Amino acid sequence: MKILSFGASTSSTSINRQFARYAAGLIPNASITDLDLSDYELPIYSSDEEEANGIPAAAKAFLAEIKSHDALVVSLAEHNGSYSAAFKNLYDWASRAENKVWAGKPMLLLSTSPGGRGGATVLATAKETFPRMGADLKASFSLASFYDAFDSEKGVTDSMQLELLRNAAAQLAAS
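Residues numbered from 1 in each chain as written. Predicted model: local features only at pLDDT ≥ 70, side-chain atom pairs only at ≥ 80, totals over all residues. Heavy atoms only, no water.

If you check which residues of helix α5 (residues 120–129) are buried, you get Val122, Leu123, Ala126 and Thr129. Along α5, the residues classed as buried sweep out an arc of 140 degrees about the axis, all on the same side. Buried residues along α5 sit in contact with β3 (71–76), α4 (85–97), β4 (106–112) and β5 (136–143). (Buried < 20%, exposed > 50% of the residue type's maximum accessible area, 1.4 Å probe, protein only. Helix = DSSP H or I, 4+ residues; strand = E, 2+ residues; numbered from the N terminus. Arc of directions from axis to C-beta. Contact = heavy atoms within 4.5 Å.)

Following the sequence through the fold, Leu109 ends up in strand β4. The exposure class assigned to Leu109 is buried, which follows from its relative accessible area of 0%. Taking C-alpha positions, Leu109 is 7.8 Å from Lys127, a pair spaced 18 residues apart along the chain. In contact with Leu109, not counting residues within four places along its chain, are Val74, Leu76, Leu123, Ala126, Lys127, Phe130, Leu137, Ala139, Ser140 and Phe141.

Here the focus is the pattern of salt bridges. Using the criterion set out here, one finds eight salt bridges in the structure. Salt-bridge contacts for Glu128 lead to Arg132; the nearest nitrogen and oxygen are separated by 3.3 Å. Comparing Glu128 with Arg132 shows no difference in burial state: the two are exposed. (Salt bridge = Lys/Arg side-chain N within 4 Å of Asp/Glu carboxyl O.)

Here Ser142 lies in strand β5. A relative accessible area of 23% means that Ser142 is categorised as partly exposed. Ser142 sits 68 residues away from Val74 along the chain, and the two C-alpha atoms are 11 Å apart. In this structure, Ser142 is in contact with Ser111, Arg117, Gly118, Gly119, Ala120, Leu123 and Gln161, ignoring residues within four places of it in sequence. Within the local environment of Ser142, its side chain forms a polar contact with the side chain of Ser111, the two groups lying 3.3 Å apart. At 2.7 Å, the side chain of Ser142 and the backbone oxygen of Gly118 are in polar contact. (Polar contact = N/O pair within 3.5 Å; in protein donor to acceptor, adjacent residues only side chain to side chain.)

Glancing now at the sheet that holds β3. Taking strand neighbours across the sheet as the criterion, the five strands line up as β2-β1-β3-β4-β5 in an open arrangement whose pairing is parallel. A strand with exactly one partner marks an edge of an open sheet, and here the two such strands are β2 (31–34) and β5. Averaged over all pairs of adjacent strands, the angle between strand axes in this sheet comes to 20 degrees, irrespective of strand direction. Relative to β4, β3 runs parallel, the two sharing five bridges. Looking at the pairing, Ser75 lines up with Leu110 of β4. With respect to the sheet, helix α1 (residues 15–24) is in contact with β1 (2–8), β2, β3, β4 and β5, its orientation differing from that of β4 by roughly 135 degrees. (Pairing = 2+ DSSP bridges. Axes fitted to C-alpha atoms, helices over the stretch in contact; angles between N-to-C directions.)

Structural data, given as structure tokens:
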């Protein structure tokens, strides 16, 4: 299974990117592409910009990456209860090029944060909207208190949380 993994943040130290890579690694025999959202610089979306210059190449390249993989592991950063600005902008541009951004691909949808809710608000929003945009949502999982619950060498340190994440990854692997 060819998996596209990314954290929906442009931070060079993104905990969501780290978490997405880790979760994708739980899928047996997976070939994983770790996408860096920083590679997709775009002007802020506006209809005026689109009319004047069309869909930027970076948005088209993002869609091409999605289409070239069998499945997606996406971990959402939560900024003030919503998507990070960079991800939302890329998502907006991509949806202008193709309404079904996620191309019907099976998806494991994740979130994490340093706080006790683990990005639950943004995860709930995505679980509601991503299927309408072409995601075949197989499972979702939120990891609270990232710095207490995750070790960069060992991964998820709580056995109950790890079991829940493994079950979510297994649901994606079964697709």
